[in-house]
Amino acid sequence: MSFRLPDIHNGWTFPIFNNPYYPEVAQESMQWVESFKIFPEDRQKSFRAIMPGLLASMAYPTLSREHFRAACDLIAVLYVVDEVSDYLSPEETKALTEQAAEAIRNPAKGRSTAEHPLVSLHRRTAKTASDTSNRRFVKSYEEFLFSMTQEAKDRQNRSVSKSMDDYLALRRSTGAIKPSFDLLLLPFEISDEVLDLPVVKELEVIAIELIAVANDIFSYNVEQARGDIHNLIVVLMEGDEKLTLQMAMDIAGDWYRERSYDFLECLKRLPVVEPGDQDILHLHQYARGLGTWVTANYQWSFGCGRFFGDRSQEVRESGIVELLPQQV
């Protein structure tokens, strides 16, 4: 059995570039993560195939070397959290995320001998966050960590949200996308007054949803194979209408294209840049960064081996995915 991926990227206008420090810094970051020996060698090989440095390179193409290293580390840590938490109970997830949140808030505090190496990863990441974005980053990252406990409960209880709206409300946090956006602020300062404008909040929510839904579309095959239910396609298939897989894919694709249009229209409502107004100038740069992140997420999905293995290019060209058998 096979299914066709929806064409979600046609018409998206934000180009993609790689950070010039990508080759060397991505390797440094991966070696740092591997030094904590969180995974056995077979799983470490799978983790390398995620290529977090590639995503960081396309999502933050203009960051300095120092800031780009912070971005590589963060993206890598986020995927470590994702890989580790999939195998934990709600109680274990709650304990681990509480420790990680404390490490983010107080990175200078000494570690205990019983500390999970994942918590130690968070101490390094927090130290690299600049004062400019640190406050917002800590807040959004804590929200992500605590949402992981709810996801673990859903996984244990085999419970699926019955509506797309309810699912997206949780998915906005579990995807850890907002703290990733906070790193776009590393090179400059934008006042809270500007960042809290309704139009900016709307842009952020749309970008978060676009990235989350794209990930659900592309990851569905590998997630259904291992029995994971935290996926929009599953939500649509198991809702009241009981859609087929292809129907659910097509509906998700239609939603994505409509939401992409909303993002482009929302950009038009940003305040006009007046001469000498650095706040609004930086806001426009941040907004373009959100659009670039959406592009990066799409390109990375086919550039790494996380979703389609060594058939990524073939799937990208044909759009056809062979359904994987479910693991026993």
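One can find the structure itself at the top, above this paragraph.
Residues numbered from 1 in each chain as written. Predicted model: local features only at pLDDT ≥ 70, side-chain atom pairs only at ≥ 80, totals over all residues. Heavy atoms only, no water.

Thoughts on unusual backbone geometry
(1) Moving on: Unusually for a residue other than glycine, K37 sits at a positive phi of about 50°.
(2) Moving on: Relative to the elements of secondary structure, K37 occurs in the loop between α1 (22–34) and α2 (41–50).
(3) Moving on: Judged by relative accessible area, K37 falls into the exposed class, the value being 68%.
(4) Moving on: Residue M51 is not a glycine yet carries a positive backbone phi of 55°.
(5) Moving on: Structurally, M51 can be placed in the loop between α2 and α3 (52–59). (Helix = DSSP H or I, 4+ residues; strand = E, 2+ residues; numbered from the N terminus. Buried < 20%, exposed > 50% of the residue type's maximum accessible area, 1.4 Å probe, protein only.)

Side note on the nonpolar core
(1) Moving on: Y60, Y141, F181, F218 and Y286 are the most contacted members of the largest nonpolar core, which has 105 residues in total.
(2) Moving on: Per-element accounting of this core gives the leading share, 15 residues, to helix α11 (residues 198–225).
(3) Moving on: Ignoring any residue separated from it by four or fewer positions in sequence, one finds Y286 in contact with F181, L184, L185, F188, I190, L195, V200 and E204. (Core = buried A, V, L, I, M, F, W, Y, C linked by side-chain atoms within 4.5 Å. Contact = heavy atoms within 4.5 Å.)

Comments concerning the pattern of salt bridges
Should their charged atoms come close, side chains of opposite charge can pair.
(1) Moving on: Throughout the structure, instances matching the rule amount to 19 salt bridges.
(2) Moving on: Across the pair R226 and D228 runs a salt bridge whose closest N-O atoms are separated by 3.9 Å.
(3) Moving on: What makes R226 partly exposed here is its relative accessible area of 39%.
(4) Moving on: The exposure class assigned to D228 is buried, which follows from its relative accessible area of 10%.
(5) Moving on: Salt bridges sharing common partners tie together E24, E28, R65, R69 and D73. (Salt bridge = Lys/Arg side-chain N within 4 Å of Asp/Glu carboxyl O.)

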